[in-house]
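Report on the structure
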Amino acid sequence: MANLDTFVNRTKPLPVSLSTSQEIRDRASTFVGNIYRARTLAEARAAINHLARVVHGAKPASHEIAAWRCMSLKAGKTGLEGEDDFEVIEGSEDDGESWSGARVLKVMQTEAVMDVVVIVSRWYGGTMLGPIRFEHIETCARDVCRAVRLQDELEDLLATLSSLDDILDNLRSELEKVKSVSSMTVDDAAGPSNSQRRVRKPQDYSSIRKEVDIAKAKRLVTARENAIKNMKTQQEERAPHRKVLRRYLSSYRIFQPRCLSNVQSLTNAPLSPHHPSLQGPRRPPNPLRADGANGPKLDVLKGVKLYILQAKMTAAEIGELYGLAERGGAEICKDVEDAELIITNVSMRKRLERHIEWNVAKSKSLVTPAWLRESVRKNIALPCGDFAALSDLSPTTAANFPAETDTDGETGTSVHPSPTRTTSAQASASHRPPSTPPPTGPIPMNLLPPDPPYRCDMSKLDHLSRFSCCRASPLVCPNQKLCEMLDVMRKTREVEGEDRSSLSYQRAVSVIKGSISEEIAHRRDAEKLPYIGTKLITMIEEYLETGHISEVETTLASPRYHTLTAFTTIYGIGPKTARQLHGLGLTTIEQLETYYGVEHHDVVTTAEHGSLSGEAQTSAGTSSEGSAKAEIQTHVEANKEKAPDAVAVKEAQGVMLDSEEDARDVMEENWIKIALGLRHDLAKKIPRDEVEEIHRVVMKELDDVEPGCVSTIVGGYRRGKEECGDVDIVFTHPNPERTRGLCKRFMRRLYDKGIVTHVMHLSRFHAHNALRTTHWDSLEKALSVFVLPGHKTRRRVDFIFAQPDTYWTAVVGWTGSMMFERDLRLWAKGRGLKFDSSGITRRRDSKLIFPKTEKEVFDVLGLPWIDPTLRNADL
DNA sequence: GGCTGGCAAACA
DNA sequence: TGTTTG
DNA sequence: ACAGCC
């Protein structure tokens, strides 16, 4: 063997299959998939050849169907200029099995694997399989793609784990050193406190690797992180000088771009720092940001007036630089004119002139972000000349260097500008007292609402566009009555499960709301509108002549319509379930309650908190509940009584139900039961000022959990509704690492404090798997039931936590309205983009785009700016 | 005339 | 897996 | 069971 190996004389290792799928056998044909790493076309080709000729050499397959996706440098590019230097090279070959290569490629695209080649081999057995063969081929391909993704994720986790282990070790020994020096109290150590300085044997994670136990790896990572946190607090208590600690923390952070270790183990070629696999969803946190923004205050830049030009910067970088500037004690100017020093990534005069006048620039010192980083790191204001951002300006940059002038005298300017705000886009921003600046540094300007607000240029809107995101749709339109009638049609179609028809009516409503500024007086006013066809014209004509629409009237006269729509108002009951329940013979919500076994004390939540709410109580309860009210009293007094009562009611009406077999399926203790209990509260609209109060309370609580967060109230409130069905809030934190898992932590706290009574839905998103490696926590959300302290009525509040990079797409995505969102996606699709609330992706190459402001979301999509209050495309 | 119409994630 | 949610 | 696109 050794001889053979030397004989083969290869410079590269043989391709090794990263994963092999299960064999699929169907009528004498066999399918099996393999996946190989391939960073270039040549590597892909080598793998294909190797599989076909060597691996399958003894028993050649009839077809070796292959597809590849490689991220590669564009010709003549270095990779140093950013993501634009890269492109995706993808392709496929059928090897006689027509169309199949493309199918494999499609699977790879949806599975978002990159830098791999997938080969599905088929041994043909003599029987034609028909189209089913494509399913087999795709199954094999999907198998191996998913396996590789899991492997990648696991390797990432293990790499993190071992680096965390190292840090932990170092921390332990440091801690012991400190202990032995400072005092003799050894008793209160955390963790294994064997004082011997033993060298840790490298942890054995091979079983995790073998079992591909991602869950376990994740648990271990969390455990290590917590351990480190504990050590850190201990260390801070014991040793006031934190330099050592910071060194370890920063080493941890530096290691965090875990994909780096992965990628490099696969190839000898060092990766450019801009390789998209390092950008993309899992962005490598800048190590300097980690302890840059949070480190101790310095005086290096005291009195230096800085302006940070945000053009060509990522949100993360902006955050980092603001943090550094704050830490260095610099004064951050809102206006270029006030500044002496400009931090910028722009290196070309033309580009700069779009933001700053040339004459102004000439009087300043323009440096790259590296200057700020280095100055803070070395704790000395470095000469600017070495960091000139524009070579044209390097003389003035050096000459205008402000730190050289005596700054100590200007004590007046060293007052902190403190642009810090914890805020929403609304006027009701919750301000932090100026005396206590947040420990996390100032909030980057781009995360704050724009000042002044964007103006909506009506002339740019296309009122006859097919997309509601190109139109201005006010809350109420001149044809509101007509819209309400059409919405009745929409609703019947919806509850009846006729989606297409429902969509048509919804479109019609949105078109009318967005395109007509005056009342429709004649059918020709409506005829020119898109989505208004013959049927809609007929209805509109009838409305114009008679003031009503017969089809709407008959619908409104139908008990079934009212039952179904009433049922669907309950959280968790959609059209299908509503129809099922109706089919069971249930017609009122009260019957639903008995059906689901809701007990009355569940129902009347408001009264439960205090029987003083007699008024609210009667208005909520229907007449049939007159006796129910009495029952509640007895429940509260004597709990023993309630069970027989409830059962009795249930039996009385539920006899017929018991005969239904599948009725039991729906009966389980579930959200529907709880939602039924809360229905009176949840049906109530929330006035704007209460929305604002909820927001204030939420921000105050959040400030204790994680200071420095930014938020925007979205949803109907932001669209200007006077009364809202629920409250939606989008949050982020300038430091991306602060947002991870924050949703869960925060909900836990609110729940413990009794502010949130139910969490119906808690999620970690794994959206936007656009690149090879999985990325975590693009968006987290919680749907909750919330009660303001001191209030009685429970409210639906949705919490959405976004990474700073995706903050504005999240805001746009959650501001709505529904129709506006659908059309945003549709519009984006038409322009080769994919929009959702956690990002914008260019379909061609899966490149992620992170708009830095809400306006930029619209710019990227090529849309005119539309004010939130004009996004009411639904009724 | 045939196809599309928004979408992903979490429950049950 | 289908249903519901935003 | 409605409308638009190709």
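Calculation notes
Residues numbered from 1 in each chain as written. Chains lettered and ligands numbered in written order. Predicted model: local features only at pLDDT ≥ 70, side-chain atom pairs only at ≥ 80, totals over all residues. Heavy atoms only, no water. UniProt positions renumbered as here; feature names shortened; annotations may be inferred. Phe/Tyr/Trp six-rings, centres within 6.5 Å; stacked < 30°, edge-to-face > 60°. Helix = DSSP H or I, 4+ residues; strand = E, 2+ residues; numbered from the N terminus. Buried < 20%, exposed > 50% of the residue type's maximum accessible area, 1.4 Å probe, protein only. Core = buried A, V, L, I, M, F, W, Y, C linked by side-chain atoms within 4.5 Å. Contact = heavy atoms within 4.5 Å. Axes fitted to C-alpha atoms, helices over the stretch in contact; angles between N-to-C directions. Parallel < 35°, antiparallel > 145°, perpendicular 65-115°, else oblique. Nonpolar A, V, L, I, M, F, W, Y, C, P; charged D, E, K, R; others polar. Pairing = 2+ DSSP bridges. Near = heavy atom within 4 Å. Polar contact = N/O pair within 3.5 Å; in protein donor to acceptor, adjacent residues only side chain to side chain.

- The name an unreviewed UniProt entry gives chain A is DNA polymerase lambda, with Dentipellis fragilis as the organism.
- Under the heading Catalytic activity (unreviewed entry), UniProt records this for chain A: "DNA(n) + a 2'-deoxyribonucleoside 5'-triphosphate = DNA(n+1) + diphosphate".
- UniProt's Sequence similarities (unreviewed entry) comment on chain A is quoted here verbatim: "Belongs to the DNA polymerase type-X family."

**Regarding the packing of aromatic side chains**
- By the definition in use, this model includes 10 aromatic pairs.
- Seen from their ring centres, Tyr454 and Trp865 are 4.7 Å apart, and the 65° between their planes marks the pair as edge-to-face. Here Tyr454, found in the loop between helix H14 (394–399) and helix H15 (480–495), pairs with Trp865, found in the segment after helix H37 (854–861); they are 411 residues apart in sequence, far enough to count as distant.
- The partly exposed category is assigned to Tyr454, whose relative accessible area is 21%.

**Details of the nonpolar core**
- Counting residues in hydrophobic clusters, the biggest one holds 38 residues, and the most contacted among them are Val730, Leu824, Phe835, Val857, Phe858, Leu861 and Leu863.
- If you list the elements that add at least two residues to this core, you get strand E12 (710–714), strand E17 (794–802), helix H35 (807–815), helix H36 (818–830), strand E18 (833–836) and H37.
- The element best represented in this core is H35, accounting for six residues.
- Filtering out sequence-adjacent residues up to four positions away, Leu863 remains in contact with Cys469, Cys470, Leu824, Trp827 and Phe858.
- Membership of the second largest hydrophobic core comes to 28 residues, among which are Val691, Phe786, Leu788 and Phe799.

**Notes on unusual backbone geometry**
- Residue Ser817 is bonded to the preceding Gly816 through a cis peptide linkage, with omega at 0°.
- Locating Ser817 in the fold gives a position in the loop between H35 and H36.
- Phi at Asp95 is positive, roughly 50°, even though this residue is not glycine.
- Here Asp95 is to be found in the loop between strand E5 (86–93) and helix H3 (100–111).
- Look at Asp95 and you get partly exposed, because its relative accessible area is 38%.

**Points about the packing of helix H16 (residues 499–515) against H36**
- Two elements in contact, H16 and H36, have axes whose closest approach is 11 Å; the angle formed by their N-to-C orientations is 100°. It follows from the interaxial angle that H16 and H36 lie roughly perpendicular. Every residue of H36 that contacts H16 at Leu503, Gln506, Arg507 and Ser510 is listed here: Met819, Arg822, Asp823 and Leu826.
- Here the contact of H16 with H36 is built from residues that sort into three nonpolar, two polar and three charged.

**Some points on the sheet that holds strand E7 (residues 305–308)**
- Strands sit in the order E8-E7-E9-E10 across an open sheet of four strands; the sheet is parallel. Single-partner strands in this sheet number two, and they are strand E8 (331–332) and strand E10 (365–367).
- Here three bridges tie E7 to strand E9 (residues 341–343), and the two strands are oriented parallel to one another. The residue bridging Tyr307 from the neighbouring strand is Ile342, located in E9.
- Here helix H13 (residues 369–378) sits on the sheet and contacts E7, E9 and E10; the angle it forms with E9, its principal contact strand, is near 105°.

**What about the sheet that holds E18?**
- A sheet is described by the order of its strands in space; here three strands give the open sequence E18-E19-E20, paired in antiparallel fashion. Either end of the sheet is taken by a strand with one partner, and the two such strands are E18 and strand E20 (847–849). Neighbour-to-neighbour, the strand axes of the sheet open up by a mean angle of 25°, direction not taken into account.
- Here three bridges tie strand E19 (residues 839–842) to E20, and the two strands are oriented antiparallel to one another. Among the inter-strand pairings, Arg842 is bridged to a residue of E20, identified as Lys847.
- Sheet contacts for H37: E18, E19 and E20; angle to E18, the most-contacted strand, approximately 150°.

**Let's talk about the protein's contact with DNA strand D**
- Inspection of the region around DNA strand D gives Arg466, Arg500, Ser501, Ser504, Pro530, Tyr531, Ile532, Gly533, Thr534, Lys535 and Leu536 as its neighbouring residues.
- For DNA strand D, the backbone makes up 74% of the atoms found within 4 Å of the protein, where backbone means sugar plus phosphate.
- Secondary structure elements with two or more residues in the surface near DNA strand D: H16 and helix H18 (534–546).

**Re the protein's contact with DNA strand C**
- In the vicinity of DNA strand C lie 13 residues, with Gly572, Gly574, Lys576, Thr577 and Arg796 positioned nearest.
- Within 4 Å of the protein, the contacting atoms of DNA strand C are drawn from sugar and phosphate to the extent of 92%.
- A distance of 3.4 Å is found between a phosphate oxygen of DNA strand C and a backbone nitrogen or oxygen belonging to Ile570.
- One nitrogen or oxygen atom from the main chain of Lys576 is found 3.2 Å from a phosphate oxygen belonging to DNA strand C.
- At the level of elements, helix H21 (575–583) and E17 are the ones that each hand at least two residues to the surface near DNA strand C.
- Per element, the largest residue contribution to the surface near DNA strand C is three residues, and it comes from H21.
- Of the residues that constitute the surface near DNA strand C, the class distribution is six nonpolar, three polar and four charged.

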